[in-house]
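# Analysis of the macromolecular model
Here's the letter readout for the chains.
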Amino acid sequence: MPIKGLIGIGGVAKKSPYIMQMMADVMQMPIRIHQFEHTCALGAAMFAATAAGIYPNVEEAMAAMGGGFDVEYFPDKQKAALYQKRFKKYADLGRYIEQKDI
C-alpha cells in the first residue's frame, strides 16, 4: 500500500516544529499535525459512533467529528539529500562494525 503522507499527533508533533520538519525531510514526504490533542480517543469515538449506527461509515464520522490539521510540513529536497548521505555513512559504519570481532 503506497504511503502518501504522515500524520503527527500530540506531544513532540505539536511542540517541536524542528523535529517535525526534520522528519519530513528524512521521510521525504509531507507530515500533517492533527489539531486535536487526544486524536486516538477521537478515532475511537468515531468508530464507536459508526458501530452504534450514528454514522453509516467511518468516513462520514470523520467528516462530522474530525477537526482537521494545524500545520503541514513539506520535505526540503536539499536537506533530504544531506540526510540520505549521512544515513549511508551510518549504514556503512554499521556493516563495518558487524564484520569486526569486538
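### Structural notes on the overall build of the protein chain
- Scanning the protein chain for helices and strands turns up five helices and three strands.
- Each helix and strand of the protein chain, placed in order from N terminus to C terminus, yields the pattern β-α-α-β-α-α-β-α.
- Computed over the C-alpha atoms, the radius of gyration of the protein chain is 19 Å, more than 25% above the 13 Å expected from 2.2 N^0.38 for a compact globule of 102 residues.
- In terms of overall dimensions, the protein chain has C-alpha extents of about 60 × 30 × 25 Å along its principal axes.
- Across the 102 residues of the protein chain, 21% fall into the buried class.
- Pairs at least 24 residues apart make up 66% of the contacts formed inside the protein chain by residues separated by at least 6 positions.
- Element-wise, carbon and sulfur atoms account for 62% of the exposed surface of the protein chain, whose accessible area totals about 7,800 Å².
- When the 12 basic and 10 acidic side-chain charges of the protein chain are each reduced to a single mean position, those positions are 9 Å apart.

### Regarding helix α5 (residues 77-99)
- Compared with the 33 Å implied by 1.5 Å per residue over 23 residues, the 33 Å span of α5 between its first and last C-alpha is a close match.
- One side-chain oxygen of the residue at the start of α5 lies 2.9 Å from the amide nitrogen of Gln78, identifying that residue as Asp76.

### Details of helix α3 (residues 39-51)
- Over its 13 residues, α3 runs 18 Å from end to end, which matches the ideal 18 Å to within 8%, given 1.5 Å per residue.
- Of the residues making up α3, those classed as buried are Thr39, Leu42, Met46, Ala49 and Thr50. Projected down its long axis, α3 shows its buried positions confined to an angular sector of 100°, all on one face. The exposed residues of α3 that point more than 90 degrees off its buried face are Cys40, Phe47 and Ala51.

Thresholds, definitions, all that
Residues numbered from 1 in each chain as written. Predicted model: local features only at pLDDT ≥ 70, side-chain atom pairs only at ≥ 80, totals over all residues. Heavy atoms only, no water. Helix = DSSP H or I, 4+ residues; strand = E, 2+ residues; numbered from the N terminus. Rg over C-alpha atoms; globule rule 2.2 N^0.38 Å. Buried < 20%, exposed > 50% of the residue type's maximum accessible area, 1.4 Å probe, protein only. Contact = heavy atoms within 4.5 Å. Areas by Shrake-Rupley, 256 points an atom, 1.4 Å probe, with all protein chains shown as cover. Lys, Arg positive; Asp, Glu negative; His and termini not counted. Charge placed at Lys NZ, Arg CZ, Asp CG, Glu CD. Expected span 1.5 Å × (residues − 1). Polar contact = N/O pair within 3.5 Å; in protein donor to acceptor, adjacent residues only side chain to side chain. Arc of directions from axis to C-beta.

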